[in-house]
Amino acid sequence: MEARLNELEQMAKNEIQEANSSDQLEKVRVKYLGKKGELTEVLRGMGSLSSEERPLVGKVANIVRENIENYLLEAKNSIKSKELEAKLSTEAIDVTMPGRKTNLGKKHPLIQGMDELKNIFISMGFQVAQGPEVETVYYNFDALNAPANHPSRDMSDTFYINEETILRTQTSPVQARVMEKRKPPIRIISPGRCFRNDTPDATHSPMFHQLEGLVVDKGITLADLKGTLEVFTKYFFGSQTKIKFRPHNFPFTEPSAEIDASCFKCSGSGCSFCKGSGWIELLGAGMVHPNVLRNCGIDPEVYSGFAFGMGIDRLVMLKYGVDDIRLFFENDMRFLNQF
Ligand code: FA5
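Keep in mind it's a predicted model, so treat the numbers as computed, not measured.

Undergrad: So what's going on with the nonpolar core? Residues and values would help.
TA: Counting 41 residues, the largest nonpolar core has Phe 232, Leu 283, Phe 308 and Met 310 as the members making the most contacts within it. The residues contacting Met 310, other than those within four sequence positions of it, are Leu 117, Phe 121, His 209, Gln 210, Leu 211, Phe 232, Leu 282, Leu 283 and Leu 315. Among the nonpolar cores identified, the runner-up in size contains 21 residues, and Leu 5, Leu 8, Ala 19 and Val 64 belong to it.

The structure is reproduced here in structure tokens:
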């Protein structure tokens, strides 16, 4: 039996050496070491051996099994590395092939515009404040002195989530939130999204962007508002730009004004862009209403302030001659790539 075992080892060794693929190797393993394999068959015959012979033959059988396993392992490793080499040589990289172009994304034109506006005001000493887009009726209207019957509170103008909660219609509620928390001197801007129940057209979108500005301190006057907006418009539209104040009405400022800039296309002489008037409407502004200061715990006898709110989408449209606000939200790369 011992001789048969040694013979099996030699046969297995030869077949393992001849195998040149993982599949062939597996077949040899099953042939000799599998449940119905040659070695197992021999071991089954051990029952007929005497009790002296059995441990001796068992020992030899174990050695033969171990040897065959070692031959298999060695062969397996060498076949694997040969297979890998063969695979690598067929998959050689062609360094002359042209590379794949990666398209780098960039900021949306409105975000570029927002960044530009922010930088101008930051350079003038303003800090950036943020407020929630889902806002309470209190901060959007009540704290800002809007009377209970103000038309902007209507469901046809404002998106209500429930009776007390809306999507903010303006960035002005950030004024009240900031004044409640911080005491003067205050000098902040707050850019962000606003929502109105407006039918989309060339100049209206139900979702648009505003930039709010607020300054509160002792001795702030309309002249400070005028100076600040003059510097801003010169930076944003060019040094030739002039501004003018037109009387207006906002519940949270008194006096209130709408501010127009001289048309940067025709320098005020009148063109199709400014519809022949020479002026372009830019933003709403005014001196903070004493009631708003009082609502936020600031004494209007001691402090005064100014505020302004501009539509970022419209400013970017004006600056780059975009004639339809909806282009910003259609995600057409031919349009977006121009910025
Ligand atoms: C306001 O929203 C005031 N909160 C501005 C303000 C702030 C005045 C601080 C005084 C002091 P108004 O409703 O006019 O004002 O909106 C301001 C700007 O938002 C408009 O000039 C316009 O540029 C922009 N805007 C308003 N509605 C839309 C819309 N549906 N789509 C695009 N832009 C809009």
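Undergrad: Tell me about helix 1 (residues 2-18), and name the residues and values.
TA: Under the 1.5 Å per step criterion, the end-to-end length of helix 1 is 25 Å for 17 residues, consistent within 8% with the ideal 24 Å. Leu 5, Leu 8, Glu 9, Ala 12 and Ile 16 are the residues of helix 1 that are buried. Buried residues in helix 1, looked at end-on, bunch into an arc of 100°, giving them a common side. For helix 1, the exposed residues lying more than 90 degrees away from the buried face are Ala 3, Gln 17 and Glu 18. Those residues of helix 1 hidden inside the fold are in contact with helix 2 (22-33), helix 3 (38-44) and helix 4 (53-90).

Undergrad: Hey, could you go over the pairing of strand 7 (residues 253-262) for me, with residue numbers and the actual values?
TA: Most of strand 7 is tucked away: 8 of the 10 residues are buried. Two elements, strand 6 (residues 243-250) and strand 7, share 7 bridges in a ladder whose sense is antiparallel. Across the sheet, residue Pro 247 finds its bridge partner in strand 7, namely Ala 257. Taking the residues that link successive antiparallel strands as the turn, the strand 6-strand 7 hairpin has 2 residues. Pairing analysis gives 8 bridges linking strand 7 to strand 8 (residues 279-288), with the strands arranged antiparallel. Its bridge partner being in strand 8, Glu 258 is matched across the sheet by Gly 284.

Undergrad: Before we move on, could you go through the layout of surface pockets and cite the residues and values that matter?
TA: Counted as a void, the second largest pocket has a volume near 180 Å³. What lines the second largest pocket is Leu 104, Gly 105, Lys 106, Lys 107, His 108, Pro 109, Gln 112, Met 333, Leu 336, Asn 337 and Phe 339. For the lining of the second largest pocket, the secondary structure elements donating two or more residues are helix 5 (109-123) and helix 11 (333-336). For the lining of the second largest pocket, the residue count by class is 5 nonpolar, 4 polar and 2 charged.

Undergrad: I'd love a proper account of the pattern of salt bridges, names of residues and values included.
TA: In this structure the tally under the stated criterion is 15 salt bridges. A salt bridge links Arg 246 to Glu 258, with the nearest nitrogen and oxygen atoms 3.3 Å apart. Of this pair, Arg 246 sits in strand 6 while Glu 258 is found in strand 7, placing the two residues 12 residues apart along the sequence. Classification of Glu 258 as buried rests on a relative accessible area of 13%. Across the salt bridge formed by Asp 324 and Arg 326, the nearest N and O atoms sit 2.9 Å from each other. Taken together, the shared-partner salt bridges connect Arg 4, Glu 7 and Glu 38 into one network.

Undergrad: I'd like a description of unusual backbone geometry, backed by residues and values.
TA: Between Pro 184 and the following residue, Pro 185, the backbone shows a cis peptide bond with an omega angle of 5°. Structurally, Pro 185 can be placed in the loop between helix 7 (173-181) and strand 4 (186-195). Backbone torsion omega between Glu 254 and Pro 255 reads -5°, so that peptide bond is classified as cis. Positionally, Pro 255 belongs in strand 7.

Undergrad: Which residues make up the site of the ligand, and what values go with them?
TA: With respect to spatial proximity, 23 residues lie near the ligand, and among them Gln 170, Ser 172, Arg 196, Asp 198 and Gln 210 are the closest. Gln 170 is positioned with one of its side-chain polar atoms (N or O) 2.7 Å from a nitrogen atom of the ligand. Measuring from a nitrogen atom of the ligand, one finds a backbone N or O atom of Ser 205 at 3.0 Å. When the ligand is considered free in solution it has 680 Å² of accessible area, and contact with the protein chains removes 92% of it. Of all elements in the fold, only strand 5 (207-217), strand 8 and strand 9 (304-311) reach the threshold of two or more residues within the shell around the ligand. The element that contributes the greatest number of residues to the shell around the ligand is strand 9, accounting for 4 residues. A breakdown of the residues in the shell around the ligand according to their chemical character gives 7 nonpolar, 11 polar and 5 charged.

Definitions and limits used
Residues numbered from 1 in each chain as written. Predicted model: local features only at pLDDT ≥ 70, side-chain atom pairs only at ≥ 80, totals over all residues. Heavy atoms only, no water. Core = buried A, V, L, I, M, F, W, Y, C linked by side-chain atoms within 4.5 Å. Buried < 20%, exposed > 50% of the residue type's maximum accessible area, 1.4 Å probe, protein only. Contact = heavy atoms within 4.5 Å. Helix = DSSP H or I, 4+ residues; strand = E, 2+ residues; numbered from the N terminus. Expected span 1.5 Å × (residues − 1). Arc of directions from axis to C-beta. Pairing = 2+ DSSP bridges. 1 Å grid on protein atoms, 1.4 Å probe; cavity = no way out; pocket = protein on both sides within 12 Å on 5 of 7 lines; lining within 4 Å. Points joined across faces, edges and corners; volume = space filled by probe spheres on them. Nonpolar A, V, L, I, M, F, W, Y, C, P; charged D, E, K, R; others polar. Salt bridge = Lys/Arg side-chain N within 4 Å of Asp/Glu carboxyl O. Near = heavy atom within 4 Å. Polar contact = N/O pair within 3.5 Å; in protein donor to acceptor, adjacent residues only side chain to side chain. Areas by Shrake-Rupley, 256 points an atom, 1.4 Å probe, with all protein chains shown as cover.

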